Amino acid sequence: MFTIRKATIDDRSLIHDLASRIWENTYGKILSKEQLDYMFDMMYAPDNILKQMEELHHQYFIILADDMPAGYLSIEKTGENTYNFQKIYSLPEMHGTGIGRFIIEQGINYLKEVHTALIKLLDEYCKTFHYRIICKPLQSRHRLLQTYGITGNRHTGPSYRKRLFHERLYHGHGSGE
């Protein structure tokens, strides 16, 4: 059974420890040892975690599996109405257990609590592990698509709209041409 709790500054060592067990498994095959060590220290040294929490508006969460630390989540408030899911990690041995879905769902629940104007999250658009949630009161999915300039009936299929929405939201492009 999974549970989640907000992390405090006292959890910096725990986050560091979890990251040390996750980091190399996740990035060891794509980064050099030097780059891996540099990035790990830059993001997970306890003082850097403290800076993220206190100065950079990151809210960390500890994910527990049967009361044992199994992962963490960091959500950064980047603007008045914008949040980024910065870090979504679980221990390698937890992969395939549903923990990733649990972490994302709990992160979305947190955003609903802290930003009540954001109630209509479109789950079908939230299937990747890189979330950027724009918190604006929305009338409908059509309005959300219009927000990102995806209108007209030249391409009306849901797959096309979903792909174009994803490209514009996450990558800042996607003309559909």
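Residues numbered from 1 in each chain as written. Predicted model: local features only at pLDDT ≥ 70, side-chain atom pairs only at ≥ 80, totals over all residues. Heavy atoms only, no water.

Details of the confidence of the model for the protein
The condition that has to hold: The quantity called pLDDT is the predictor's confidence in a given residue, expressed from 0 to 100. Note on conventions: DSSP H or I runs of at least 4 residues are helices, E runs of at least 2 residues are strands, and numbering of each starts at the N terminus. It only takes one pair of heavy atoms within 4.5 Å for two residues to be counted as in contact.
On average, residues of the protein score 76 in pLDDT, and 65% of them are at 70 or above. No element of the protein has a lower mean pLDDT than strand β5 (residues 132-134), which averages 44, and none a higher one than strand β1 (residues 2-6), which averages 98. Per-residue pLDDT stays below 50 along residues 119-158; that stretch engages in 77 contacts with residues further than four places along the chain or on separate chains. For the stretch residues 173-177, pLDDT sits under 50, and the model shows 14 contacts to residues farther than four places along the chain or on other chains.

Regarding the packing of helix α1 (residues 12-27) against helix α2 (residues 33-44)
Filter applied, for reference: Every axis in this analysis is a line fitted to C-alpha atoms, fitted for helices over the stretch in contact. Angles between the N-to-C directions lie between 0 and 180 degrees. Under this scheme an angle from 65 to 115 degrees is roughly perpendicular, one under 35 degrees roughly parallel, and one over 145 degrees roughly antiparallel; angles in between are oblique. Definitions for this section: a left-handed crossing has its near helix turned counterclockwise from the far helix by less than a right angle. A right-handed crossing has that turn clockwise. Gly counts as polar in this scheme, as do all residues outside two lists: the nonpolar Ala, Val, Leu, Ile, Met, Phe, Trp, Tyr, Cys and Pro, and the charged Asp, Glu, Lys and Arg.
At a closest axis distance of 11 Å, the pairing of α1 and α2 adopts a crossing angle of 150°. Taken as axis vectors, α1 and α2 run roughly antiparallel relative to one another. Both α1 and α2 take part in a crossing whose hand is right-handed. Side by side, α1 and α2 meet where Ile-15, His-16, Ala-19, Ser-20, Trp-23, Glu-24 and Tyr-27 of the first sit next to Leu-36, Met-39, Phe-40, Met-43 and Tyr-44 of the second. Grouping the constituent residues of the contact of α1 with α2 by class yields nine nonpolar, two polar and one charged.

Overview of the packing of α2 against helix α3 (residues 46-54)
α3 packs onto α2 with a crossing angle of 50° between their chain directions and a minimal axis gap of 5 Å. With respect to α3, the axis of α2 lies oblique. Counted together, Asp-41, Met-42, Met-43 and Tyr-44 of α2 and Pro-46, Asn-48, Ile-49 and Gln-52 of α3 form the full contact between these two elements. In the contact of α2 with α3, the residues fall into five nonpolar, two polar and one charged.

A closer look at the pairing of strand β3 (residues 68-79)
Going by this rule: At least two bridges found by DSSP between two strands is the condition for calling them paired.
Pairing analysis gives eight bridges linking strand β2 (residues 58-65) to β3, with the strands arranged antiparallel. Its bridge partner lying in β3, Leu-64 is registered against Pro-69. The antiparallel hairpin formed by β2 and β3 contains two residues in its connecting segment, where Asp-66 sits at a positive phi of about 50°. In the sheet, β3 pairs with strand β4 (residues 82-90) via eight bridges, with the strands oriented antiparallel. Counted as the bridge partner of Tyr-72 is Tyr-89 from β4. Between β3 and β4, which pair antiparallel and follow one another directly, the connecting turn spans two residues.

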